[in-house]
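So the chains spell out like this:
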Amino acid sequence: MDTTARGKIPSLHHQTEINWDNLDKTKLYVVGAGMFSCVTVALYPVSVIKTRMQVATGEAVRSNAVATFRNILKVDGVPGLYRGFGTVITGAIPARIIFLTALETTKAASLKLVEPFKLSEPVQAAFANGLGGLMASLSSQAVFVPIDVVSQKLMVQGYSGHVRYKGGLDVAQQIIKADGIRGLYRGFGLSVMTYAPSSAVWWASYGSSQRVIWSAFDHWNDKESSPSQLKIVGVQATGGIIAGAVTSCVTTPIDTIKTRLQVNQNKPKAMEVVRKLIAEDGWKGFYRGLGPRFFSSSAWGTSMIVCYEYLKRLCAKVEEVLNSPILGNDRRVGDEDEVDQVG
């Protein structure tokens, strides 16, 4: 192949990317709602276990994830692993639409913004993906926080002295009766402080890790080869695990405080929660539920990213794919940059 032709072949990143402008948005949202709902069904019990561990008191403090899981099955059976699921799945659909739209549009704008600086691919990816994740999380919090407050109360009802409810609507009505609409936004500041940085860290870690991994495979600068679908999925999954590990270590302490604030009937202040955690379990108390949170973040993020990549291929506009010099010929379409941890 001559150098002229070689110079026209896109880099691996461009060979495997489907841009936001090249997607059928209606199809993306409709098919995505069903696909992400299936992932939520599979991983929701992990969120219940994590939440139970974070609010545990007394002897329950010493319970690990397996013991907590067994206790839920013993007391409530399998339905206990899905407390609050109906509320979450209802609110997740609009939240994800907001999240994905903000993520993609911000990421595209950020890439254009840093292009003149000639930064390395991993740095560009970290900046663009991180900023995209941050804005996406901030944009979706107005929907997500009330859902989070209601679902977490349902997750812990009847556990360690927490009140029982008739359902999500009953929770919302009691909260509004006691505290007004602002009660549904209890812990909003901490939620923003938890999920916005968490989303930014996850996406920045994921985006940059893709470039590093491809470089390790000596593929990133190899413009003549197109990666197989199996290799693309493998790199995406590895990046999801790395991002989950980094994110869970950074954000678990503030997530634990936020959860306790949202489910506690006595309406404590953040500093009161902090002091109680330290008194009960020392500084390690801030990392209660770290194992389930790491598993949830990695499994959720990896599942979502792989599903989202497939969804983008499925929703790519046919004419855009056929007109691409690489994608139209090889049909090896993917993207190593996107997804959510909305949830």
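Residues numbered from 1 in each chain as written. Predicted model: local features only at pLDDT ≥ 70, side-chain atom pairs only at ≥ 80, totals over all residues. Heavy atoms only, no water.

## Describing the pattern of salt bridges
Side chains that differ in charge, positive against negative, can pair when their charged atoms come close. The cut-off we apply is this: For salt bridges, the criterion is a side-chain nitrogen of Lys or Arg within 4 Å of an Asp or Glu carboxyl oxygen.
Scanning the model with the defined rule gives 7 salt bridges in all. Within this structure, Lys50, Asp148, Asp255 and Lys258 form a network of salt bridges that share partners.

## Topic: the packing of aromatic side chains
So the rule is basically this: Between rings of Phe, Tyr and Trp, where Trp is taken as its six-membered ring, a pair exists when centres lie within 6.5 Å; planes separated by under 30 degrees are stacked, by over 60 edge-to-face, and by other angles tilted. Under the scheme applied here, a residue whose accessible area is under 20% of the maximum for its type counts as buried, over 50% as exposed, and between as partly exposed, the area being computed with a 1.4 Å probe on protein chains only.
Within this structure, the stated rule accounts for 9 aromatic pairs. Between Trp202 and Trp203 the ring centres are 5.2 Å apart and the planes differ by 70°, which places this aromatic pair in the edge-to-face class. Residue Trp202 is classed as buried on the basis of its relative accessible area, which comes to 2%. On the basis of relative accessibility, which here comes to 1%, the residue Trp203 falls in the buried class. Through a chain of ring-to-ring contacts, the aromatic side chains of Tyr44, Tyr82 and Phe85 assemble into a single cluster.

## Remarks on the UniProt feature "transmembrane region" (unreviewed entry) in the protein
Convention followed: UniProt positions are given in the numbering used here, feature names are shortened, and annotations may be inferred rather than shown by experiment. Secondary structure elements are taken from DSSP: a helix is a run of H or I of four residues or more, a strand is a run of E of two residues or more, and numbering for both begins at the N terminus.
UniProt records the feature "transmembrane region" (unreviewed entry) for residues 28–46 in the present numbering. When the span residues 28–46 is considered, its composition is 100% helix and 0% strand, and the gap between its end C-alpha atoms is 27 Å.

## Brief notes about the confidence of the model for the protein
The cut-off we apply is this: Residue-level confidence of the predictor is what pLDDT reports, using numbers from 0 through 100. A contact between two residues is defined here by any heavy atoms of the two lying within 4.5 Å.
On average, residues of the protein score 77 in pLDDT, and 83% of them reach the 70 mark or higher. Confidence drops under pLDDT 50 across residues 1–15; counting only partners more than four residues distant or on other chains, this segment forms 27 contacts. With pLDDT under 50 throughout, residues 320–343 is counted as low confidence; its partners more than four residues away or in other chains account for 85 contacts.

## Considerations on the environment of Met155
Looking at the element boundaries, Met155 is found in helix H6 (residues 121–156). When the C-alpha positions of Met155 and Gly84 are compared, they lie 5.9 Å apart, and in sequence the two are 71 residues distant. If near-sequence neighbours (up to four positions away) are discounted, Met155 is found in contact with Tyr44, Ser47, Val48, Thr51, Arg52 and Arg83.

## Re the state of the cysteines
Just so we agree on the cut-off: Pairs of cysteine sulfur atoms within 2.5 Å are identified as disulfides in what follows.
In this structure the tally under the stated criterion is 0 disulfides. Not engaged in a disulfide, the cysteine Cys38 finds its nearest cysteine sulfur in Cys307; these two sulfurs lie 8.5 Å apart. A relative accessible area of 56% means that Cys38 is categorised as exposed.

## Concerning helix H7 (residues 168–179)
Here is the rule: In this scheme, a helix's expected span is set at 1.5 Å multiplied by one less than its residue total.
Over its 12 residues, H7 runs 16 Å from end to end, which matches the ideal 16 Å to within 8%, given 1.5 Å per residue. Within the span of H7, buried status applies to Asp170, Val171, Ala172 and Ile175. Residues of H7 that are buried in the fold lie against H6.

## Describing the nonpolar core
Applicable threshold: Definition used in this section: a nonpolar core is a set of buried Ala, Val, Leu, Ile, Met, Phe, Trp, Tyr and Cys residues joined via side-chain atoms within 4.5 Å.
Formed by 26 residues in total, the largest nonpolar core has its most connected members in Leu28, Phe36, Trp203, Tyr308 and Leu311. When contributions to this core are tallied by element, the ones reaching two or more residues are helix H3 (25–55), helix H5 (85–114), helix H8 (188–216) and helix H11 (290–314). Take this core: its biggest share by element is 7 residues, from H11. If we ignore the near neighbours within four places in the chain, the residues touching Leu28 are Trp20, Leu23, Tyr308, Leu311 and Cys315. Within the second largest apolar cluster, 16 residues are counted, among which are Ile49, Ile72, Leu81 and Met155.

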